[in-house]
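Summary of structural features
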Amino acid sequence: MVLAIASVSFSAMAQDDPTLKYSVATNSFWSNWFIQVGAQWNAWYSADEHGAGLDRSPLKDFRSNPGAAIAIGKWFTPGLGLRTKLMGIWGKSVRPVNGNGEGYSNKYWTLNENILFNLSNMLCGYNPDRVWNFIPFVGGGIGRSMTHDRYGMDLNVGLLNEFRLSRKVFLNLEIGWNRFENDIDGTEVILDPNNRGWDTHDNLLYAELGLTFNLGKGTWDKVPDLAAIKALHQSQIDALNAQLADANAEIDRLNNLIRNHKCPEAVREVIAAPATVYFYCNKTDNGPSYERDMVDVRTLAKLAAQKNVDLLITGYADSATGNPEHNQWLSDERAKTVADEVVGQGVSRSKITTVGKGGVDILSPFDLNRRAVVELK
């Protein structure tokens, strides 16, 4: 439980700090579960073989046997997970006889809880398409000899290698070591004070080949780039402020024209002030205030249709991004997009002239140059 809480807290901190290179978003509890199945080769090293001179090779017939394993687990972050694993069935009980060893059947099982550390994701960053994941683990649990009806607690460590076959399936190569608290292989051991380390407990080594199957959502979404989102919002605010400043300046100019000249032409200029539509970078059909900009375009189009006058629509791109050829295409397409809207308001296509100016740096900041302007000819 402590590990799970710490893992979730780590992910939450990663989300709060947009500077972390490999930040990922925390998934729901039901995500990132997996099951594993595998075939094993296990070797039993008994505490009662101390001093018997037995061959230590894990491949010797008197100490090794095949086995099977099944496990279920969950990743709480790309680097930390928990696994419950059941393994065993066939084993050997090593007994010293005249300085040699003989293998006896010892059917058993072990049930362990493992803490998994995906060092590939921890050290190199999360990558859903990584071919090889290097995963050490530690844990503990309980074992039982069904042959001798004995139980014993155990600790275990090991290394799990996962090789990606698909997003849902991995090939496993695992090696591990179980060290039991007391003797469960059917023999009573009188501890020799000279015994040290390995020979004081029953030990089980195993190698396993198997498969991992991811259940449900098995990947992690990267945390959104908060800095980029803030910059985008600021760009939208700058565009609106610039549009408002342009509109206020135009209103002041035309009001002065009316006050100073009081002529019908000035009134016509007030009514027919240019309308501007702003676009997002590399877009021809959307912008930070697109729908509101189109209200002014439609108003001007209806006036042009009523008066049967010609319209000039000029498209622009910003020269700070893109090459000249692409910027020319962008400016042409932006002008055409607005022209289509004008035609929809009843203006004849023959009354509309579209011009693309390509990439320019007329306005500052540079992203305000991504626009199309509609005006009476």
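Residues numbered from 1 in each chain as written. Predicted model: local features only at pLDDT ≥ 70, side-chain atom pairs only at ≥ 80, totals over all residues. Heavy atoms only, no water.

All right, on to the sheet that holds strand S9 (residues 169–180) then. Spatially, 8 strands are ordered S1-S2-S3-S6-S7-S8-S9-S10 in a closed barrel, and the strand pairing comes out antiparallel. This sheet shows a mean twist of 25° between the axes of neighbouring strands, independent of strand direction. With 11 bridges joining them, S9 and strand S10 (residues 203–215) adopt antiparallel strand pairing. The partner of Leu-173 across the bridge, within S10, is Leu-209. (Pairing = 2+ DSSP bridges. Helix = DSSP H or I, 4+ residues; strand = E, 2+ residues; numbered from the N terminus. Axes fitted to C-alpha atoms, helices over the stretch in contact; angles between N-to-C directions.)

What follows concerns the nonpolar core. Ranked by internal contacts, the top residues of the largest apolar core, which has 22 residues, are Val-297, Leu-311, Ile-313, Val-338 and Val-342. Only strand S11 (275–278), helix H5 (290–307), strand S12 (311–318), helix H6 (324–343) and strand S14 (371–376) provide two or more residues apiece to this core. Sorting elements by how many residues they give to this core places H5 first, with 7 residues. Each residue touching Val-342, except ones within four places of it in the same chain, is listed here: Val-297, Ala-301, Leu-311, Ile-313, Val-347 and Ile-352. Within the second largest apolar cluster, 21 residues are counted, among which are Leu-54, Trp-75, Tyr-206 and Trp-220. (Core = buried A, V, L, I, M, F, W, Y, C linked by side-chain atoms within 4.5 Å. Buried < 20%, exposed > 50% of the residue type's maximum accessible area, 1.4 Å probe, protein only. Contact = heavy atoms within 4.5 Å.)

What follows concerns unusual backbone geometry. Here the bond from Ser-364 into Pro-365 is cis, since omega is 5°, no more than 30 degrees from zero. Structurally, Pro-365 is set in the loop between strand S13 (352–360) and S14. Of note in the backbone geometry, Asp-149 takes a positive phi value of approximately 55° without being a glycine. Of note in the backbone geometry, Asn-308 takes a positive phi value of approximately 55° without being a glycine.

A word on the pairing of S11. Side chains Ala-275 and Val-277 of S11 all project onto a buried face; the interleaved residues Thr-276 and Tyr-278 project onto the opposite face, where all are buried too. Pairing of S11 with S14, which is carried by 4 bridges, proceeds in the antiparallel orientation. When the bridges of S14 are listed, Tyr-278 appears paired with Arg-371.

Read across the sheet, 4 strands follow the order S11-S14-S12-S13 without closing on themselves; strand pairing throughout is mixed. Every interior strand has two partners, whereas the edge strands, S11 and S13, have only one. Neighbour-to-neighbour, the strand axes of the sheet open up by a mean angle of 15°, direction not taken into account. Sitting on the sheet, H6 touches S11, S12, S13 and S14, and the angle it makes with S13 is about 150°.

Another aspect to go through is a nonpolar patch on the surface. Residues Val-37, Ile-70, Leu-86 and Leu-111 make up a contiguous nonpolar surface patch of roughly 310 Å² in combined accessible area. Here Ile-70 shows up in strand S2 (residues 64–75). Residue classification places Ile-70 among the partly exposed positions, given a relative accessible area of 49%. (Patch = residues over 30% accessible without salt bridge, like charges linked within 9 Å, V, L, I, M, F, W, Y side chains within 5 Å. Areas by Shrake-Rupley, 256 points an atom, 1.4 Å probe, with all protein chains shown as cover. Salt bridge = Lys/Arg side-chain N within 4 Å of Asp/Glu carboxyl O.)

Below, the discussion takes up the pattern of salt bridges. This model, assessed by the stated rule, comprises 15 salt bridges. Put simply, Asp-129 and Arg-164 hold a salt bridge, and the shortest N to O gap is 3.3 Å. On the criterion of sequence distance, the pair formed by Asp-129 in the loop between helix H2 (119–124) and strand S7 (132–145) and Arg-164 in strand S8 (residues 150–164) is long-range, its members being 35 residues apart. Overall, Arg-164 belongs to the partly exposed group, its relative accessible area being 26%.

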